[in-house]
Amino acid sequence: GAGVSQTPSNKVTEKGKYVELRCDPISGHTALYWYRQSLGQGPEFLIYFQGTGAADDSGLPNDRFFAVRPEGSVSTLKIQRTERGDSAVYLCASSPWGGTYNEQFFGPGTRLTVL
Amino acid sequence: ELKVEQNPLFLSMQEGKNYTIYCNYSTTSDRLYWYRQDPGKSLESLFVLLSNGAVKQEGRLMASLDTKARLSTLHITAAVHDLSATYFCAVHGSGNTGKLIFGQGTTLQVKP
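Note that the coordinates shown come from a computational prediction; the quantities given were computed from them, not determined experimentally. (Residues numbered from 1 in each chain as written. Chains lettered and ligands numbered in written order. Predicted model: local features only at pLDDT ≥ 70, side-chain atom pairs only at ≥ 80, totals over all residues. Heavy atoms only, no water.)

### Remarks on the sheet that holds strand β3 (residues 19-25) of chain B
All names here are of chain B.
Then comes step 1: Here we have five strands laid out as an open sheet, ordered β1-β3-β8-β7-β6, and antiparallel in their pairing. Single-partner strands in this sheet number two, and they are β1 (4-7) and β6 (55-58). Between one strand axis and the next, the sheet turns by 15° as a mean value, whatever way the strands run.
Then comes step 2: Here four bridges tie β1 to β3, and the two strands are oriented antiparallel to one another. In the sheet register, Val-4 faces β3, and the bridge partner there is Tyr-25. (Pairing = 2+ DSSP bridges. Helix = DSSP H or I, 4+ residues; strand = E, 2+ residues; numbered from the N terminus. Axes fitted to C-alpha atoms, helices over the stretch in contact; angles between N-to-C directions.)

### Description of the nonpolar core
Then comes step 1: Counting 25 residues, the largest nonpolar core has Leu32(B), Trp34(B), Leu74(B), Tyr87(B) and Leu108(B) as its most contacted members.
Then comes step 2: Those elements giving two or more residues to this core turn out to be β2 (10-14), β3, β4 (32-37), β5 (43-49), β7 (61-66), β8 (71-76), β9 (85-92) and β11 (106-111) of chain B.
Then comes step 3: With four residues, the top contributor of residues to this core is β9(B).
Then comes step 4: If you look at the next biggest cluster of nonpolar residues, it comprises 20 residues, including Val4(A), Ile26(A), Phe65(A) and Ile79(A). (Core = buried A, V, L, I, M, F, W, Y, C linked by side-chain atoms within 4.5 Å. Buried < 20%, exposed > 50% of the residue type's maximum accessible area, 1.4 Å probe, protein only.)

### Focus on the interface of chain B and chain A
Then comes step 1: The interface is formed by 21 residues belonging to chain B together with 23 residues belonging to chain A.
Then comes step 2: Area buried by chain B at its contact with chain A is led by Ser42(B), Thr97(B) and Lys99(B), which between them contribute 28% of it.
Then comes step 3: Summed over the shared surface of chain B and chain A, the number is one salt bridge.
Then comes step 4: Residue Lys99(B) pairs with Asp56(A) through a salt bridge whose shortest N-O separation is 3.4 Å.
Then comes step 5: Put simply, the parts of the chain that give the side of chain B that touches chain A at least two residues each are β4, β5, β9 and β10 (100-102) of chain B. (Contact = heavy atoms within 4.5 Å. Buried area = accessible area lost by both parts, 1.4 Å probe. Salt bridge = Lys/Arg side-chain N within 4 Å of Asp/Glu carboxyl O.)

### Re the packing of aromatic side chains
Then comes step 1: Per the stated rule, a full pass over the model turns up ten aromatic pairs over all chains.
Then comes step 2: Aromatic pair Tyr33(B) and Tyr35(B): ring centres 6.3 Å apart, planes at 20°, arrangement stacked.
Then comes step 3: Exposure remark for Tyr33(B): the relative accessible area of 1% places this residue in the buried category.
Then comes step 4: We classify Tyr35(B) as buried; its relative accessible area is 0%.
Then comes step 5: Here Phe88(B) and Phe102(B) contribute two aromatic rings whose centre-to-centre distance is 6.3 Å and whose plane-to-plane angle is 85°, an arrangement assigned as edge-to-face. Residue Phe88(B) is located in strand β9, and its partner Phe102(B) is located in strand β10; the two are separated by 14 residues in the primary sequence.
Then comes step 6: Each member of the aromatic cluster is reached from another via a ring pair, and the members are Tyr33(A), Tyr35(A), Phe45(A), Tyr48(A), Phe106(A), Tyr33(B), Tyr35(B), Phe88(B) and Phe102(B). (Phe/Tyr/Trp six-rings, centres within 6.5 Å; stacked < 30°, edge-to-face > 60°.)

### What to know about the pairing of strand β6 (residues 53-56) of chain A
All names here are of chain A.
Then comes step 1: Bridge analysis of strand β5 (residues 44-50) against β6 gives three bridges, and the strand direction is antiparallel. Bridge assignment links Tyr-48 to a residue of β6, and that residue is Asp-56.
Then comes step 2: Where β5 folds back onto β6 in an antiparallel hairpin, the turn is made up of two residues, including Gly-51, whose phi is positive at roughly 70°.

Everything listed here is a matter of geometry and, on its own, says nothing about what the molecule does.
Structural data, given as structure tokens:
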């Protein structure tokens, strides 16, 4: 079966622009996570969806970052007024259910470069 | 705040040698994950350690978990070049959301 997919694989934008990053989770997985990985670092949690709702958005760095999952499947991470410090790889992961008893499966990531 | 620390952060070793990567975490957790990441690639799950004393082995890699010491180890036996990658450990953060807190990663370079 298909794994987690993310588009685009690479995104180059200019400072101040708006970007959207898309994640398609594994079919049937109700839990979806976004992480950000800066160069040379481990991934850092951004937001967790259980179904359509954002159950934990404590990792979003500021109000320029927003994510949606309107139908409980595909999710979009939206970044407004991008800054050079937003440059990173954005990883999406899904699991059958949320909580601490389900392994997360990661997508290939979107590499965002803000010039 | 939960912290996950790995050491060493960088490891260069010759083929055929043994070595251990350490992962310490700062709060109680009965589950720990090890991932592998190749350059420019995503995370590949290696091991899920579910309880105190858990030991899992796959090929030349063996992982163990001591929840009382809040320590996991990833032991490499007779390293080969194909094991060159960055290895991350991760535990679940606070609450019951399942979010993962990762270590900084250990970059392993195996020289022929």
